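For reference, the chains in residue letters:
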Amino acid sequence: MIANLGFGALVIALLVSIYGVGAAVYGARKGAPTWVDSARNAMLLTFPLLTLAAVCIITLLVNGQYEVEYVASVTSNSMPTYLKITALWGGQAGSLVFWTWLLSAFASAVTLRKWDRDREFLPWVIVVCLVTLIFFLVMIIFFENPFARIWQMPLGEAVKAMFPPAGAQLWVQEDGRGLNPLLRHPGMIIHPPMLYLGFVSFVIPYAFAIAALITRRTDDRWIRITRRWTLIAWLFLSLGLILGGRWAYDVLGWGGYWGWDPVEIAAFMPWLTGTAFLHSVMTQEKRGLLKHWNMVLIILTYALVIFGTFLTRSGVLSSVHAFAQSAIGPLFFVFIGLTFITSLSLLLSRWSELKTDAQMTSMFSREALFLLNNLLFMGILVVCFWGVIIPLISELFTGQKVTVGPPFYERATAPLFAGLLLLMGVAPLSAWKYSTAKTLGRSIWKPFVVSLAAPAVALIMGIRQPAALVGFWLCGIVGVVTLYEFWRGALARHRTRDESLPVALWRLAGRNRRRYGGYIIHLGVVLMALGIIGIEIFQTQTQDTIAQGEQITLGEYTLRYDSLAVFDHTDGRNVARAVVSVFKNGNLVGELHPRRDYYYESQQPMTIPGVRSTMDGDLYVLLVDWQPISTQRATFRIYHNPLVNWLWLGAFVFILGTLVAAWPDREPEAAVERSQQKQPAQAKA
Amino acid sequence: MSMLTKNSVIKLIYLLLILLAASLLANGAALAQEPDPATITDDQVNAIAKQLYCPVCENIPLDVCGTQACAQWRELIRLKLSQGQSEAEIKAYFVAQYGDRVLAAPPARGLNWLLYVIPPLAILGGVYILYRAYKTWKQPAPQVTQPKPVAASSDEYVARIEEELRKR
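Keep in mind that this is a model prediction, so the values were computed, not measured. Numbers given to residues run from 1 along each chain, matching the order in which its sequence is written. The naming scheme follows written order: chains are lettered A onward, ligands numbered 1 onward. Only residues with pLDDT of 70 or above have their local features reported here, since the model is predicted, and side-chain atom pairs are shown and tallied only from 80 upward, although totals for entire chains, interfaces and linings are computed over all residues. Just so you know, side-chain values use all the structure's heavy atoms and leave hydrogens and water out.

With that settled, the discussion passes to the overall build of chain A. Helix and strand labels come from DSSP, where a helix needs a run of H or I of at least four residues and a strand needs a run of E of at least two; each type is numbered from the N terminus. A count of helices and strands for chain A gives 22 helices and 13 strands. It is over C-alpha atoms that the radius of gyration is taken, and the globule rule equals 2.2 Å times the number of residues to the power 0.38. Taken against the 2.2 N^0.38 rule, which gives 26 Å for 685 residues, the C-alpha radius of gyration of chain A at 28 Å falls within 12% of a compact globule. Summarising its shape, the C-alpha atoms of chain A cover approximately 80 × 75 × 55 Å along the three principal directions. For chain A, buried positions account for 57% of its 685 residues. In what follows, a contact means two residues having at least one pair of non-hydrogen atoms within 4.5 Å. Long-range contacts, defined as pairs at least 24 residues apart, comprise 70% of the intrachain contacts of chain A with a sequence gap of at least 6. We get accessible surface area from the Shrake-Rupley algorithm with a probe of 1.4 Å; when it comes to residues, only the shown protein chains can shield them. Surface summary for chain A: the accessible area is close to 28300 Å², and the carbon and sulfur share equals 64%. Positive residues here are Lys and Arg, negative ones are Asp and Glu, while His and the chain termini are left out of the count. Lys charges are placed at NZ, Arg charges at CZ, Asp charges at CG and Glu charges at CD. Between the averaged position of the 55 positive side-chain charges in chain A and that of its 41 negative side-chain charges there is a distance of 12 Å. Categorising residues by exposure relies on relative accessible area from a 1.4 Å probe, with only protein chains included: less than 20% of the type maximum marks a residue as buried, more than 50% marks it as exposed, and the intermediate range marks it as partly exposed.

As structure tokens, this is what we get:
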């Protein structure tokens, strides 16, 4: 019953969406506002319909209605209720419904804004959002139906179908297979929604870009409207990536936070183009340049968002052939191809209208440095894209799969990331339009000299690796320049307006949140870079099998194996938990409990590390194996990850900066007006 | 005198070489008789396992993979190390058995060659486009744009001078 209700809601949502596209196109072509309003109502109607569908899935999940295939595949009786609810995005079909629900929510929110000055955008924004929605709904309804049930045919075989085949009986199972234990972690419960939020909110700026192209509004209005959407999309995507890293660190048990896995890269690629876009739109706002390029970037971002969902959802990564067999793989492929080609041809047809008279004048101006920044982001994107694609191409043409692992990505992207850090240090000191080598050199030499202190201190502390010294220097220069920017601004305000320094700093950041939010993000990146340098260059590890009472030494740390307990937990897992004492330079500093959980239902083990975490670094202990209690021997793997906590601290600062930048202004429209009035004045200045 | 010395030196060298060869043979024979995997530490095994990927557990390096199959691979590495095989020999063995996919990055031949060529080419292409664009920034109207950078700084300079003049 509930399954039928949910499925009906999905079907009606699809029909309403198709109607909405028709009404919007007709209304826009004929200039008939009533049709556009009707399209908007259709858009708004999809939200309650999809909410109903999602609520139906959740009801089925929570009540353990295992006759529904999706419910049986992601939940089991032993799971707590909150996990049953979050199982909505624990599997393929459910997560696609969740995707459409988010898209419908965001698109509805955006159609409810005040459209007075930009009414011509409305129908086309609706069209783009609804076409995307239609694509996902078609996939859900025809290929990945979360409401499909399992039927038993007269001859005994089980069939998955929405409606009963002739003569079939509903097959009700006693228990489900349960959620993948790796996903039963707080980080993993919020990580997918964050990524999806990021993915989905990038559809909005794309929709406005396409609307601007169709309506031939070649000014930067679409950028101004979607500025905050873009920042929010970027915020969620960043949060999703960070949470994913933290989850990997806590749960996957390989001592790291990022493994250059194709699934991770799938989410990282739209982040790269999105970051390039956030920087490059400033050039269009300030100088009216790069209009074509910004269009290319947002089109790419949209394509990569769909591509990312495709990579993670179609099974193409495990095998090209699995992808060819899965129903949704080829569909995704066609949709990405069609939207990408259509968007690009639209852009080409408007190419000449986007031309501007404005000119780049100096290689050292802010806009030129932003171009370099874009080049580096695109370089990283190409590396990532090829790394993901080559195994597929290789399998397709030679029949042999290859692995593209971390060493390739690290070697290829490290210089590009270093270049980005350098630009982060230089660009804030350059001025729009006018900076020359001379003016830039004059403002940079002092921070440059100060920043040399960072590698100097590292040298004194005995660090000799050239990569680390360069890295510390780059962190130093970004840190110094960024703090200097805050100091300079606050000091100027302090002098001219007679405000105390903290007040001046606060008001300064409040006056230009995007700029100073951006600088806070840069500081976050510096801290994260410290953590990354620490774990990438200075990580040490050892592994040994010892008896109870024996010790393993790694650097200044010594580990003593005290005891081991193996027991069954009520939630359906078998736990082996070791107790180890940690000594640093001979002094007892704590006790750790690395453990191995084995889930009976899914027959899957999970290695949970015992971690002693300080700002100096983490001691990360894994229980790799243990022998029968009688022999009292166990195998431990120990990692020392120096500075890794700075990565997480940096992530907090990073997110804080994004929040500052995206915080709504009190009068957003008035602010836009002001900045538009200011624009000609600035251009003259 | 000098001849004598030279001869004895040569003899000594020969003697040393024979001793060395004998000791190597003896060592080899001892290993062949009784390879003892227990003498190989986990760290030695992991140093090699870190660079390998089994065909089943995608994108999980062998040293941290928890499956039974991967544990057996690690024991195989240990055995081969105890037989005196080098890191390169062990890696070559796994490649011969299971194909290039066991390596962390494919060798640069055949189609895989593209992996190493395309990204640098793309980046160089980007640099070239930027370079061309940079040329055009200066080119179109040299009388307007060329003196601009100079003008900007000299304007500043002039302004400062005028300011100073006014102060007087």
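Our focus in this paragraph is the overall build of chain B. Helix and strand counts for chain B stand at seven helices and zero strands. Per-residue burial over chain B gives 23% buried out of 168 residues. The long-range fraction of contacts in chain B, counting pairs at least 24 apart against all pairs at least 6 apart in sequence, stands at 48%. Surface exposure of chain B reaches about 11300 Å², of which carbon and sulfur atoms provide 64%.

To continue, consider the packing of helix H2 (residues 33-62) of chain A against helix H5 (residues 92-111) of chain A. Residues and elements named next belong to chain A. Closest axis-to-axis distance for the H2/H5 pair is 9 Å, and the angle between their directions is 150 degrees. With respect to the hand of their crossing, H2 and H5 are arranged in left-handed fashion. Touching Arg-40, Met-43, Leu-44, Thr-46, Phe-47, Leu-50, Thr-51, Ala-54 and Ile-57 of H2 are Val-97, Thr-100, Trp-101, Ser-104, Ala-105, Ala-107, Ser-108 and Thr-111, all from H5. Considered class by class, the residues forming the contact of H2 with H5 number 10 nonpolar, six polar and one charged. Axis lines are fitted to C-alpha atoms, over the contacting stretch for helices. Their N-to-C directions set the angle, which ranges from 0 to 180 degrees. Crossing handedness follows the turn of the near helix against the far one: under a right angle anticlockwise gives a left-handed crossing, and clockwise gives a right-handed one. Amino acid classes used here: Ala, Val, Leu, Ile, Met, Phe, Trp, Tyr, Cys and Pro are nonpolar; Asp, Glu, Lys and Arg are charged; the rest, including Gly, are polar.

Moving on, we get to the sheet that holds strand S2 (residues 158-161) of chain A. Residue and element names in this part refer to chain A. Here the rule is simple: two strands pair whenever DSSP picks up at least two bridges between them. An order of S2-S1-S3 is seen for the three strands of this open sheet, with the pairing classed as antiparallel. Bordering the open sheet on either side are S2 and strand S3 (169-170), each of which pairs with just one other strand. Bridge count for strand S1 (residues 149-152) against S3 is two bridges, and the pairing is antiparallel. Its bridge partner being in S3, Gln-152 is matched across the sheet by Gln-169.

Time to look at the environment of A:Trp487. All names here are of chain A. Looking at where Trp-487 falls in the secondary structure, it is placed in helix H18 (residues 466-497). Given a relative accessible area of 45%, Trp-487 falls into the partly exposed group. Between the C-alpha atoms of Trp-487 and Leu-501, which are 14 residues apart in sequence, the distance is 8.9 Å.

Okay, the pattern of salt bridges next. Any two side chains of opposite charge can pair, given that their charged atoms come close. Counted as salt bridges are all cases of a side-chain nitrogen of Lys or Arg within 4 Å of a carboxyl oxygen of Asp or Glu. Applying the stated criterion across every chain, the model contains 27 salt bridges over all chains. A salt bridge links A:Arg637 to B:Asp63; the shortest N-O distance between them is 3.0 Å. With A:Arg637 in strand S13 (residues 633-642) and B:Asp63 in the loop between helix H2 (42-49) and helix H3 (68-82), this residue pair bridges two chains. With a relative accessible area of 2%, A:Arg637 lands in the buried category. Classification of B:Asp63 by relative accessible area gives buried; the value is 7%. Residues joined by salt bridges that share partners form a network here, namely A:Arg113, A:Asp118, A:Glu120, A:Arg217, A:Asp219 and A:Arg221.

All names here are of chain A. Of the two faces of strand S5 (residues 551-554), only one is covered, namely that formed by Ile-552 and Leu-554; the face formed by Gln-551 and Thr-553 stays uncovered. Where S5 lies against strand S6 (residues 557-569), four bridges are found, and the strand directions are antiparallel. Among the inter-strand pairings, Leu-554 is bridged to a residue of S6, identified as Tyr-557. Connecting S5 to the next strand, S6, in antiparallel fashion are two residues, including Gly-555 with a positive phi near 60 degrees.

This paragraph deals with the side chain of A:Gln543. Inspection of the secondary structure assignment puts A:Gln543 in strand S4 (residues 540-547). Those residues in contact with A:Gln543 that sit more than four places away from it in its chain are A:Val624, A:Thr635, A:Phe636, A:Arg637, B:Asp42, B:Asp43 and B:Asn46.

Let us now look at the sheet that holds strand S11 (residues 610-613) of chain A. Backbone-to-backbone hydrogen bonds join strands into a sheet, with any given pair of strands oriented parallel or antiparallel. Pairing in this open sheet of four strands is antiparallel, and the strands run S4-S13-S12-S11 (chain A) from one edge to the other. Each end of this open sheet is capped by a strand with a single partner; those strands are S4 and S11 of chain A. Neighbour-to-neighbour, the strand axes of the sheet open up by a mean angle of 15 degrees, direction not taken into account. Where S11(A) meets strand S12 (residues 617-626) of chain A, four bridges bridge the pair, whose relative direction is antiparallel. From the neighbouring strand, A:Val611 faces S12(A), where its bridge partner is A:Tyr620. Its contacts with the sheet place H2(B) against S4 and S13 of chain A, and it is angled at close to 140 degrees to S4(A).

This part takes up H5(A). For a helix, the expected span equals 1.5 Å multiplied by the residue count minus one. Taking 1.5 Å of rise per residue, 20 residues should cover 28 Å, and H5(A) covers 29 Å from first to last C-alpha, within 8% of that figure. Here H5(A) lies mainly inside the structure; 17 of its 20 residues are buried.

A few words on the interface of chain A and chain B. With 46 residues of chain A in contact, the opposing surface of chain B contributes 36 residues. Taken over both partners, the interface formed by chain A and chain B buries close to 3500 Å², and the fraction arising from carbon and sulfur atoms is 64%. If you list the elements that add at least two residues to the side of chain A that touches chain B, you get helix H14 (366-398), helix H15 (406-426), S4 and S13 of chain A. At 14 residues, H14(A) tops the list of elements feeding residues into the side of chain A that touches chain B. A 1.4 Å probe defines the accessible area here, and the buried area is the portion of it lost by two parts on being joined, summed over both.

Residues and elements named next belong to chain A. Look at helix H6 (residues 122-142) against helix H13 (residues 328-349): their axes get within 11 Å of each other, and the N-to-C directions meet at 165 degrees. With respect to H13, the axis of H6 lies roughly antiparallel. In the packing of H6 onto H13, the handedness of the crossing is right-handed. Contact residues: H6 offers Val-131, Thr-132, Phe-135, Phe-136 and Met-139, while H13 offers Ile-328, Leu-331, Phe-332 and Phe-335. Grouping the amino acids of the contact of H6 with H13 by side-chain chemistry returns eight nonpolar, one polar and no charged. When an angle is under 35 degrees it counts as roughly parallel; over 145 it counts as roughly antiparallel; between 65 and 115 it counts as roughly perpendicular; any other value is oblique.

Here we take up the confidence of the model for chain B. Residue and element names in this part refer to chain B. Confidence of the prediction at every residue is given by pLDDT, a number between 0 and 100. Per-residue confidence for chain B averages 73 on the pLDDT scale, and 61% of its residues sit at or above 70. The least confident element of chain B is helix H6 (residues 142-145), whose mean pLDDT is 40; the most confident is helix H4 (residues 87-98), at 91. For residues 28-32, every residue scores under 50 in pLDDT, and the model assigns this stretch one contact once sequence neighbours within four places are set aside. Of the regions scoring below 50 in pLDDT, residues 157-168 engages in zero contacts with residues more than four places distant in sequence or in other chains. Interface confidence for the predicted complex, given as ipTM, is 0.79, next to a pTM of 0.87.

Residues and elements named next belong to chain A. Here Leu-195 is to be found in helix H7 (residues 186-201). On the basis of relative accessibility, which here comes to 12%, the residue Leu-195 falls in the buried class. Considered as a pair, Leu-195 and Val-159 are 36 residues apart in the sequence and their alpha carbons are 33 Å apart.

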